[in-house]
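# A closer look at the structure
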Amino acid sequence: MAHPLSANPKIFVQILRWTLLIIPVAVIVGSLNAFFLWVLNLATETRIDNAWLIYLLPLAGIVIVYCYRNLGKNSEGGNNLIMDEIHEPGAGIPTRMGPLVLITTVITHLFGGSAGREGTAVQIGGATTHWLARIFKLNEADTRLILIAGVAAGFGAVFGTPLTGAIFALEVLAIGRLRYDAIIPALFAAILADVVCSAWGAHHTHYRIDFLETITLFEHAVKVDIIMVAKIVLAAIAFGLAGYLFGELTHVFKDIFKATLKNPYLIVVTGGLIVIAAVHLIGNNDYIGLGVYSSREGGVSILSAFTEGGAEWYSWLIKLLLTAITLAAGYKGGEVTPLFFVGATLGNTMAWVLGAPVDLFAALGFLAVFAAATNTPLACTIMGVELFGAEHMLYFAIACYTAYYFSGHTGIYSSQRVAVPKLFDLDGAPNITHKLGELRDTHSSLLKKMVKKHTK
């Protein structure tokens, strides 16, 4: 039997090879994401300064649908196309996906759609790495790994969270399983892409939790407040259900639009008109765009949710509905930043209900709703450390994993596989090796059954 260390020279050569492969990936993806963040910020400022632009949202939607139908090839698949290519190579990822999603996401934000940015960053990473894989003439196995690295680079660069980006790329592919064979390329790509993005002057939002605690039990200091843990578990159940609701409503609105309106141009115009009508009913622009910062004094935003009174009890639901409608109608962007908004504002409300620290629970909701909707509790726990510090890491993990279990076998990515079912008792649980989208078709949710019933 060979000595355990006999393979070390080969491992060193492999690491050196992947380092050389990842450098151009990270430089290109990091640079493109820096440009994307700059243009997105410019679009947001322009929309805030020109409130009338929202009335052009339906027209902007027509432009987006036209671009994808006539120029996009199979780019419409977005993040799910990248996941499918990693699992079952063959369909290919068009290089045009990167610039196309960048342009159409900026259009969505410029005219007032409620969307995020992570989907764009991930698709930029996927399209770039698939193009480089063809240039480098990589085999099927190496193409899988470099695609995962591209996802990590895009996510890590756009949020300034490289370790989260690496773990997210490994965890998001299949529920209950990590792709450790890609850990070195993913980690290196995420770190370097974040460095490149920051070097170009891209700025990331900084958050903080001021809450500190000292707990004593039997006159001795302990690290965990049992009462606080109980409150966090209760809140995390709500976070998990919110994540479930977001994913299901996005799919349900798509089903309703397709069953009733059918024509994609009519669908995107209708979605835009619904958003305009909702903004008029609400009376402000707090719930469109990214929602990281408020466009008015005293408005609701992700940052305001970390302060007492910084959100209404219904803020999370309005943002959830507007984002689900925007994306279901065909506008482009990601889901993650809106999920941060939903989670932070719901956390603000749960803190009021449970008598808990507002900033801590806003952070827990920020992370846990994302974990529930994407089925990535480990990545979200790590994100908590990168964004808020390690002081409350245990609480981050409790919230993220609890929310993950209570979101069920659903999520925002239809091509995500289920490697290990969430249920402890597997009797009666679906034996799943399919995509979440296929599971949704065979094990219909209550919402989907209602849609089927009323659209026949």
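Residues numbered from 1 in each chain as written. Predicted model: local features only at pLDDT ≥ 70, side-chain atom pairs only at ≥ 80, totals over all residues. Heavy atoms only, no water.

So the rule is basically this: UniProt positions are given in the numbering used here, feature names are shortened, and annotations may be inferred rather than shown by experiment.
Naming follows an unreviewed UniProt entry, where the protein appears as Voltage-gated chloride channel protein of Photobacterium chitinilyticum. UniProt annotates the protein under Subcellular location (unreviewed entry) with the comment "Membrane".

## Section: the layout of surface pockets
What counts is decided by this rule: Buriedness of a pocket was judged along seven lines, with at least five required to meet protein on both sides within 12 Å; pockets are open sets of points on a 1 Å grid over the protein atoms alone, cavities are sets where a 1.4 Å probe fits but cannot get out, and lining residues have an atom within 4 Å of a point. Grid points are joined across faces, edges and corners, and a volume is the space filled by probe spheres set on the points. Each helix is a run of H or I in the DSSP string that is no shorter than four residues. Each strand is a run of E no shorter than two, and both are numbered from the N terminus. Under the scheme applied here, ten amino acids are nonpolar (Ala, Val, Leu, Ile, Met, Phe, Trp, Tyr, Cys and Pro), four are charged (Asp, Glu, Lys and Arg), and all others, including Gly, are polar. Where each domain begins and ends follows an automated or database-derived domain assignment.
Taken as a whole, the largest pocket spans an internal volume of roughly 1,100 Å³. Glu76, Lys254, Lys258, Leu327 and Lys332 are the residues nearest the centre of the largest pocket, which is lined by 43 residues in total. By residue number, the principal contributor to the lining of the largest pocket is helix H9 (residues 226-260), which donates eight residues. Across the lining of the largest pocket, the residue classes tally to 14 nonpolar, 16 polar and 13 charged. Shared between two domains, the lining of the largest pocket takes at least three residues from each, and those domains are domain 1 (12-200) and domain 2 (226-417). Along the wall of the second largest pocket there are 36 residues; nearest its centre are Asn41, Arg117, Leu290, Val292 and Tyr293.

## Quick word on the pattern of salt bridges
Cut-off, in case you're wondering: Just to be clear on terms, a salt bridge is a Lys or Arg side-chain nitrogen sitting within 4 Å of an Asp or Glu carboxyl oxygen.
Counted according to the given criterion, the structure contains eight salt bridges. Among the ionic pairs, Glu140 bridges to Arg144, the shortest N-O distance being 3.8 Å. With a gap of four residues between them, Glu140 and Arg144 both fall in helix H6 (residues 140-159), about one helical turn apart. Through salt bridges with shared partners, a single ionic network connects Asp84, Glu88 and Arg417.

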